[in-house]
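Report on the structure
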Amino acid sequence: MSTDWDSKIVIGSKAKVPKVTRNTSDLNGTVGAVVATDKKVTGGLNKAHQGTDHQRIAKLDRENEVAPPSKIPPSVGKAIQTARQEKELSQKDLAQKVNEKPSVIQDYESGRAIPNPQILGKLERTLGVKLRGTNIGEKLGGPKKS
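This write-up is about the structure you can find in this document. (Residues numbered from 1 in each chain as written. Predicted model: local features only at pLDDT ≥ 70, side-chain atom pairs only at ≥ 80, totals over all residues. Heavy atoms only, no water.)

**Looking at the overall build of the protein chain**
A tally of helices and strands in the protein chain yields seven helices and zero strands. The linear arrangement of helices and strands in the protein chain, starting from the amino end, is α-α-α-α-α-α-α. Every one of the 146 residues in the protein chain was classed for burial, and the buried ones make up 18%. Here the protein chain has roughly 12400 Å² of accessible surface; of this, 53% comes from carbon and sulfur atoms. (Helix = DSSP H or I, 4+ residues; strand = E, 2+ residues; numbered from the N terminus. Buried < 20%, exposed > 50% of the residue type's maximum accessible area, 1.4 Å probe, protein only. Areas by Shrake-Rupley, 256 points an atom, 1.4 Å probe, with all protein chains shown as cover.)

Okay, structure coming up:
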């Protein structure tokens, strides 16, 4: 019981950690002390690229490659262009009417766009021309009567 009262406790000091020496000058400063020297096993290597077969992985990627999404057919682009010119609208005016950027209209007319049903629906309503399914380019009739 008396050992607890007699022992000294120093607050705020850190326990001494053995120093890892990297070269001989570190060893020279500690003559007579016990020194642990460790050599890094993976020193100078990039662990992220260790043991990977890049050519095999690249070949697998090429085999499983997904086909790019289909572009809009040229007939749809021509239908948009002719309907727009009949209504005497510029690409910018049409883009404003359907709340899209002029570059989107340009991509659709040139056939570079990936078809988006929402945009095609807006263009159909604005231009009054069918752009999806069969009979592309036909004038849309009025609202259906039931």
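Additional details are given in the paragraphs that follow.
**Considering the nonpolar core**
Nonpolar side chains tend to gather and get buried jointly when the protein is soluble and globular. Within the largest apolar cluster, 19 residues are counted, with the highest numbers of intra-cluster contacts made by I80, L94, Y108, L123 and L131. Of all the secondary-structure elements, those providing two or more residues to this core are helix 4 (74–86), helix 5 (91–97), helix 6 (102–110) and helix 7 (117–127). Residue contacts for L123: discarding those within four places in its chain leaves I80, L94, V98, I105, Y108, G128 and L131. (Core = buried A, V, L, I, M, F, W, Y, C linked by side-chain atoms within 4.5 Å. Contact = heavy atoms within 4.5 Å.)

**Considering helix 6**
Taken residue by residue, helix 6 has V104, I105, Y108 and E109 as its buried positions. Looking straight down helix 6, one finds that the buried residues subtend no more than 130° of arc, so they occupy a single side. Along its buried surface, helix 6 packs onto helix 4, helix 5 and helix 7. (Arc of directions from axis to C-beta.)

**Notes on the pattern of salt bridges**
Enumeration over the complete set of coordinates arrives at five salt bridges. Where E86 meets K139, a salt bridge forms, and the shortest distance between an N and an O atom there is 2.6 Å. Here E86, found in helix 4, pairs with K139, found in the segment after helix 7; they are 53 residues apart in sequence, far enough to count as distant. Both residues of the pair, E86 and K139, belong to the exposed class. (Salt bridge = Lys/Arg side-chain N within 4 Å of Asp/Glu carboxyl O.)

**Comments concerning the environment of V76**
For V76, the position within the fold is in helix 4. A C-alpha to C-alpha distance of 10.0 Å links V76 and P115, two positions 39 residues apart in sequence.

**Points about the side chain of R84**
Topologically, R84 is positioned in helix 4. There is a polar contact of 2.6 Å between the side chain of R84 and the side chain of E109. With residues near it in sequence (within four places) discarded, R84 still touches L89, S90, Q91, L94, E109 and L127. (Polar contact = N/O pair within 3.5 Å; in protein donor to acceptor, adjacent residues only side chain to side chain.)

**Quick word on unusual backbone geometry**
Although it is not a glycine, E88 sits at a positive phi angle of roughly 55°. Considering the arrangement of structural elements, one finds E88 in the loop between helix 4 and helix 5. With a phi angle near 55°, N99 is a residue other than glycine that sits in the positive phi range. Mapped onto the secondary structure, N99 falls in the loop between helix 5 and helix 6.

**Topic: the environment of P68**
Its location among the elements puts P68 in the loop between helix 3 (54–63) and helix 4. Judged by relative accessible area, which is 68%, P68 ranks as exposed.

**Re the packing of helix 6 against helix 7**
Between helix 6 and helix 7, the shortest axis-to-axis distance is 12 Å and the interhelical angle comes to 90°. When the axes of helix 6 and helix 7 are compared, the pair comes out roughly perpendicular. Across from V104, I105 and Y108 in helix 6, the residues of helix 7 making contact are I119, L120 and L123. Of the residues that constitute the contact of helix 6 with helix 7, the class distribution is six nonpolar, no polar and no charged. (Axes fitted to C-alpha atoms, helices over the stretch in contact; angles between N-to-C directions. Parallel < 35°, antiparallel > 145°, perpendicular 65-115°, else oblique. Nonpolar A, V, L, I, M, F, W, Y, C, P; charged D, E, K, R; others polar.)

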